[in-house]
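Topology and contacts: notes
Listed here are the chains, written in short residue letters.
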Amino acid sequence: MNIVVCIKQTFDSEARIQLTSEGSIDESLVKFVINPFDEYAVEEALLLKEGAGGGEVTLISADRRDPSVALRQGLAMGADRAVWLDCNKIPFVDHHVYAQALAGWLRGRSFDLVLCGKMAIDDGASELPSRLAGVLNIPQVTTVSQLRIENGRMLAKRDIEGGFEMVEVELPCLVSAQKGLNIPRYPSLRKIMEAKRKTVERIEIDRSGISLSEINPFVEIEEYMLPSARTAGRILEGDHQTIVAGLLRMLHEERRIF
Amino acid sequence: MSILVFAEHRGGILRKAAKEALSKGRTLAEQMGLKVAALIIGSDMGGLPEQISKYGVDDVYVADDQSLAIYQTESYAANLQLVIKEMNPKVVMMANSAISRDMAPLVAERIGAGLVPDCVEITLKGEKLSYTRPVFAGKALVRMRVNTPIEFVTLRPNAFPAVESPTLPRVKQIKAAVPDSGAKTVCVDLPEGQGPELTEADVIVSGGRGLGDADGFALVRELAGLLDAAVGASRSAVDAGWAGHRMQVGQTGNVVSPKLYIALGISGAIQHIAGMGTSKCIVAVNKDPEANILKVADYGIVGDLYEVVPIMIKKLKGNG
Ligand SMILES: Cc1cc2nc3c(=O)[nH]c(=O)nc-3n(C[C@H](O)[C@H](O)[C@H](O)COP(=O)(O)OP(=O)(O)OC[C@H]3O[C@@H](n4cnc5c(N)ncnc54)[C@H](O)[C@@H]3O)c2cc1C
Ligand SMILES: Nc1ncnc2c1ncn2[C@@H]1O[C@H](COP(=O)(O)O)[C@@H](O)[C@H]1O
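Just so you know, these numbers come straight off a predicted model, no measurement behind them. (Residues numbered from 1 in each chain as written. Chains lettered and ligands numbered in written order. Predicted model: local features only at pLDDT ≥ 70, side-chain atom pairs only at ≥ 80, totals over all residues. Heavy atoms only, no water.)

Residue and element names in this part refer to chain A. The environment of ligand 2 is made up of 21 residues, and the closest members are C6, D38, A62, E127 and L128. In this structure, G117 approaches ligand 2 through a main-chain N or O atom, which is 2.8 Å from an oxygen atom. S126 has a polar backbone atom sitting 2.8 Å from an oxygen atom of ligand 2. Here ligand 2, which alone exposes 480 Å², has 99% of that area covered by the protein. For the shell around ligand 2, the secondary-structure elements that each account for two or more residues are β4 (56-63), α3 (95-106), β6 (113-117) and α4 (128-136). Considering only residue class, the shell around ligand 2 consists of twelve nonpolar, five polar and four charged. (Near = heavy atom within 4 Å. Polar contact = N/O pair within 3.5 Å; in protein donor to acceptor, adjacent residues only side chain to side chain. Areas by Shrake-Rupley, 256 points an atom, 1.4 Å probe, with all protein chains shown as cover. Helix = DSSP H or I, 4+ residues; strand = E, 2+ residues; numbered from the N terminus. Nonpolar A, V, L, I, M, F, W, Y, C, P; charged D, E, K, R; others polar.)

On inspection of all chains with the given rule, the structure shows four aromatic pairs over all chains. Each ring, one from Y71 of chain B and one from Y76 of chain B, has its centre 5.0 Å from the other, and the planes form 75 degrees; the classification is edge-to-face. Judged by relative accessible area, which is 4%, Y71 of chain B ranks as buried. What makes Y76 of chain B buried here is its relative accessible area of 5%. The rings of F11 and F32 of chain A together with F136 of chain B are connected pair by pair, giving a single aromatic cluster. Positioned above the aromatic ring of F164 of chain A, the side-chain terminus of K157 of chain A is 4.4 Å from the ring centre. (Phe/Tyr/Trp six-rings, centres within 6.5 Å; stacked < 30°, edge-to-face > 60°. Buried < 20%, exposed > 50% of the residue type's maximum accessible area, 1.4 Å probe, protein only. Lys NZ or Arg CZ within 6 Å of the ring centre and 35° of its normal.)

Under the criterion given, the structure shown has 42 salt bridges over all chains. R65 of chain A is paired through a salt bridge with D63 of chain A; the nearest N and O atoms lie 3.6 Å apart. Residue R65 of chain A is classed as partly exposed on the basis of its relative accessible area, which comes to 24%. Under the relative-accessibility criterion, D63 of chain A is labelled buried at 7%. For the salt bridge of R158 of chain A with D102 of chain B, the shortest nitrogen-to-oxygen distance reads 3.9 Å. Highlighted residues: R158 of chain A in strand β8 (residues 153-160) and D102 of chain B in helix α4 (residues 98-111), drawn from two different chains. Exposure remark for D102 of chain B: the relative accessible area of 0% places this residue in the buried category. Several salt bridges converge on common partners, so that one network encompasses E161 of chain A together with E8, R10, R15, E197 and E200 of chain B. (Salt bridge = Lys/Arg side-chain N within 4 Å of Asp/Glu carboxyl O.)

As a further point, take the nonpolar core. Among the nonpolar cores identified, the biggest contains 45 residues, and L22, I52, I122, Y131 and V153 of chain B are the most heavily contacted of them. Filtering out sequence-adjacent residues up to four positions away, Y131 of chain B remains in contact with V91, V116, C119, E121, I122, V142, R143, M144, R145, V146, E151 and V153 of chain B. (Core = buried A, V, L, I, M, F, W, Y, C linked by side-chain atoms within 4.5 Å. Contact = heavy atoms within 4.5 Å.)

To continue, consider the sheet that holds strand β13 (residues 183-189) of chain B. With mixed pairing, ten strands are arranged side by side in an open sheet as β11(A)-β5(A)-β4(A)-β1(A)-β6(A)-β10(A)-β7(A)-β8(A)-β9(A)-β13(B). For this open sheet the edge positions go to β11 (200-204) of chain A together with β13 of chain B, each flanked by a neighbour on one side alone. When strand polarity is set aside, the average angle formed by the axes of neighbouring strands in this sheet is 30 degrees. Helix-sheet contacts for α3 of chain A involve β1 (2-6), β4, β5 (81-86), β6 and β11 of chain A, and the interaxial angle to β4 of chain A is about 145 degrees. (Pairing = 2+ DSSP bridges. Axes fitted to C-alpha atoms, helices over the stretch in contact; angles between N-to-C directions.)

Our focus in this paragraph is the side chain of S176 of chain A. Residues and elements named next belong to chain A. Mapped onto the fold, S176 is located in strand β10 (residues 173-177). With a relative accessible area of 1%, S176 lands in the buried category. A distance of 2.8 Å separates the side chain of S176 from the backbone nitrogen of T143, its partner in a polar contact. For S176, the contacting residues outside a window of four places in its chain are C116, G117, K118, P129, V141, T142, T143 and V144.

Here the focus is the packing of α3 of chain A against α4 of chain A. Residues and elements named next belong to chain A. For the pair α3 and α4, the least separation of the axes is 9 Å and the interaxial angle reads 45 degrees. Relative to α4, α3 is oriented oblique. As α3 packs across α4, the resulting crossing turns out to be right-handed. Of the residues in α4, those in contact with H95, H96, Y98, A99, Q100, L102, A103 and L106 of α3 are L128, R131, L132, V135 and L136. (Parallel < 35°, antiparallel > 145°, perpendicular 65-115°, else oblique. Left-handed = near helix turned anticlockwise from the far one by under 90°.)

Each partner contributes residues to the interface: chain A has 73 residues there, and chain B has 90 residues. Considering only the side of chain A, the residues that lose the most area to chain B are E161, E222 and R230 of chain A, jointly responsible for 12% of the buried surface there. In this assembly, chain A and chain B are joined by ten salt bridges. Inspection of the chain A/chain B interface yields 44 residue pairs in polar contact (both at pLDDT 80 or more). With nine residues, helix α6 (residues 240-254) of chain A is the single largest residue contributor to the side of chain A that touches chain B. Relative to strand β18 (residues 299-302) of chain B, strand β13 (residues 234-235) of chain A runs parallel, the two sharing two bridges. (Buried area = accessible area lost by both parts, 1.4 Å probe.)

This is the structure:
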């Protein structure tokens, strides 16, 4: 089983978000981590490789900044190698460009499965996996919370609102990982130290099989804004009977919720 | 030129989020001097054009085939692409959902279009549309524009109102595309399909670790039932096995913005707030007066949920 896992390095979920004086996101204050959904993808790749008794798990991340923190986390979990597609030459990269860059690198390589996370927690888009499957022209199953492979076919459980679908799909295909797929392993200290010594291969985006002059972003950012803070809440005082009666009346009469 | 709205339905019933997309499609089309068309894909959709006609569309494209009875990535994408090719819309709009997250980026990539997913506001600036969407789990917003001839956008459920404005649309049957595909959805199971669906619900009652055990969810469900609400959960409650992972609200769960969110025994961690912070009204019951959830709640009750919730239930039943 040769499996490629697409990794995005994201902000730590506790991170406070502030804008710089130029109006961009201030990255100097935040800690970077592997996108939580990508940990499920890495874990699943390792389980499948172990189950198949061989193969290779390759991590790939396209990024303008060095995603080594995320890639090394995947290496410490047990991935065989990690590649950084350096997109620094492009001032702004959208999901289309990332998908083209990843596909450029993937084309001509042999793989049985591409795994992604279902969503990057920073952009919250859930956009890259389907775009990438579209460029690669392979079938996709997104938001998968369970899967089984037998005789070159996969049966995948795809989460939808209020339930799930069962999808039968041929390999090679692309799958995006949802919570529930597995429980990602915690790498041991020894593995973390070993991963620190492994190299992350860096490849310039224009050496990954795509031509920069042909690939332009489809979208553009106008501005970042910070949301207005929620107005401070109100603690209802009194005995519970009175509080609840008052609350239900307010929800009903003032807010007209029910 | 027109705006094309993919109108999602379940078993011939238009989804609430689709009504919101149709309504927004119509108001934008009016502002821009465009027509609005809806596309429905499925089988046995007899009553749908009439449901859609309430939202003011000019045309309804119908792709009807037995093989489209349940969502299939490749054939749904092919039919959307077919209609796009035929009518060359300026904007392709749909609700942000499990289907659109699967299909919209795929079709957008194939036809060379930009996409703004999970949009909460769209404004017209001169000739250009400007799209606002939350990023960093709602800790920031970004305003974007799309620079391709066709623009894709998916709308966050409950962020736009559904407003009726009836018309008599033309119904156009298309010859449904049924392409070969390496993937086939063999069945759909909707075990949680009884009450309102979490991302669309007007009211959500969520339980956290403060419930103490799995049985505590019976109380959450009882209150939810009385309010016609969906049931949500914090990650701690999901990880403890008290609730299914599809019920999780937060940064790594569902993002919801109901009219009313009731948090029971939830501390209000930043990752939880990320999933419900845009609710119009938040009520929290927590026994710790310092709990973060009480800082974001419109109405906070400091107390034991096992004392407070039974009082709510009793009063809602009209005997207290
Ligand atoms: C990468 C990452 C992603 C995450 N994603 C999510 C996510 O999507 N969603 C999410 O929810 N969390 C998420 N978390 C976890 C989050 O940090 C918190 O751990 C979690 O939200 C806490 O759940 P809780 O509020 O139920 O439990 P606790 O924090 O343990 O809070 C329980 C609360 O119940 C109160 N309580 C106890 N007993 C009673 C009683 N009898 N009556 C009234 N109140 C009572 C307590 O005072 C306390 O405030 C994520 C964390 C990480 C690191
Ligand atoms: N720049 C990138 N490089 C590699 N993988 C990515 C990149 N962006 C997104 N992904 C993958 O696509 C998933 C969904 O991301 P998104 O579409 O941004 O929500 C992530 O969980 C990653 O697996």
